[in-house]
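Notes for the structure review
Each chain, written out:
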Amino acid sequence: MFGSMRRTEDIQTSIKKACTPEDTAPKRKHVRACIVYTWERKSSKEFWESMKVLPLKENDVALFKALTLIHKVLQEGHPSCLIGGFKNMDWIASLGHTQSPDRRYQILIPEYVDYLLQKLRFHHNHRGFNGTFEYEEYTSLRSVSDPNEGFDAVYDLQLLQEALDHLGRDTLAPAKKNISEAITSALVPIVSETYGIYKFLISMLRGLY
């Protein structure tokens, strides 16, 4: 009992330290601690519960860093993170309803939220994909012998790629005038995801051919 409470406190501490209001990138060690926690517990329940109690709407920087953290956990966390994320889509969507005084976040927060929701819907509809879109993982769980299934996956992946492209461009735009480490740090999961989708699309098209 005590050990379970202690582990819950650990994930809460890691999340708070990753989502500070300072204009800095979420520290990798805190993000990594959240990812490792979900693998150790083989569950994302405590992660999502701990995220939902944070007063994220009180600070734009903390909220944006929370979205970056969620993105990384969806990518690299235990598969249950994608399932938990889908179950918490209403809460994630509520994060986009913010009235930020900073024009940068007025644009980026709703757009990032929309992308995360699109990603979760994609994974719900295409259960064979892990968070980083690894082709080998997909083919070990799903057959690509059905061209219709393959074409559907390719089409939906292209929509994701297009949304990522817009998000990446808008993330870079504020940096030209006002460099923000918290904002530009989101490029790490964005670029990683873009590359993962690109590699998968090439492999999938070759497989269909």
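Structure report, in brief.

In this section: the overall build of the protein chain. Regarding its fold elements, the protein chain presents 11 helices and zero strands. Traced from its N-terminal end to its C-terminal end, the protein chain shows the element sequence α-α-α-α-α-α-α-α-α-α-α. For the protein chain, the proportion of its 209 residues judged to be buried stands at 47%. For the protein chain, long-range pairs separated by at least 24 residues make up 77% of all intrachain contacts whose partners lie at least 6 apart in sequence. As presented, the protein chain carries roughly 11100 Å² of accessible surface, and 54% of it is formed by carbon and sulfur atoms.

Our focus in this paragraph is the environment of alanine 25. Within the secondary structure, alanine 25 is located in the loop between helix 1 (2-18) and helix 2 (28-41). Remark: the alpha-carbon pair of alanine 25 and alanine 182, spanning 157 residues in sequence, is separated by 4.6 Å. Excluding anything up to four places from it in sequence, alanine 25 contacts Lys65, Glu181, Ala182 and Ser185.

This next bit is on the nonpolar core. Ranked by size, the top nonpolar core spans 56 residues in total, and within it Ile15, Phe47, Met51, Leu69 and Leu157 carry the most contacts. When residues in this core are grouped by element, the largest group, 10 residues, is from helix 7 (residues 103-125).

Here the focus is the side chain of histidine 78. Inspection of the secondary structure puts histidine 78 in the loop between helix 4 (60-76) and helix 5 (80-87). In this structure, histidine 78 is in contact with Thr38, Trp39, Lys42 and Ser43, ignoring residues within four places of it in sequence.

Closest axis-to-axis distance for the helix 4/helix 7 pair is 11 Å, and the angle between their directions is 20°. One finds that helix 4 runs roughly parallel with respect to helix 7. Taken as a pair, helix 4 and helix 7 cross one another with a handedness that is left-handed. Where helix 4 approaches helix 7, its residues Asp60, Val61, Leu63, Phe64, Leu67, Thr68, Ile70, His71 and Leu74 are matched on the opposing element by Tyr105, Leu108, Ile109, Tyr112, Val113, Tyr115, Leu116, Lys119 and Leu120.

Moving on, we get to the environment of leucine 54. With respect to the helices and strands, leucine 54 occurs in the loop between helix 3 (45-52) and helix 4. Among the residues examined, leucine 54 registers a relative accessible area of 16% and is labelled buried. Distance in space between the C-alpha atoms of leucine 54 and glutamine 12 is 9.3 Å, their sequence separation being 42 residues. The residues touching leucine 54, leaving out its near neighbours within four places in the chain, are Ile15 and Lys16.

Inspection of every chain in the model, using the stated rule, returns eight aromatic pairs. Relative to tyrosine 105, the ring of phenylalanine 64 has its centre 5.8 Å away and its plane inclined at 65°; by these criteria the two rings are edge-to-face. In this pair, phenylalanine 64 sits in helix 4 while tyrosine 105 sits in helix 7, placing the two residues 41 residues apart along the sequence. Overall, the relative accessible area of 0% leaves phenylalanine 64 in the buried class.

About the criteria used
Residues numbered from 1 in each chain as written. Predicted model: local features only at pLDDT ≥ 70, side-chain atom pairs only at ≥ 80, totals over all residues. Heavy atoms only, no water. Helix = DSSP H or I, 4+ residues; strand = E, 2+ residues; numbered from the N terminus. Buried < 20%, exposed > 50% of the residue type's maximum accessible area, 1.4 Å probe, protein only. Contact = heavy atoms within 4.5 Å. Areas by Shrake-Rupley, 256 points an atom, 1.4 Å probe, with all protein chains shown as cover. Core = buried A, V, L, I, M, F, W, Y, C linked by side-chain atoms within 4.5 Å. Axes fitted to C-alpha atoms, helices over the stretch in contact; angles between N-to-C directions. Parallel < 35°, antiparallel > 145°, perpendicular 65-115°, else oblique. Left-handed = near helix turned anticlockwise from the far one by under 90°. Phe/Tyr/Trp six-rings, centres within 6.5 Å; stacked < 30°, edge-to-face > 60°.

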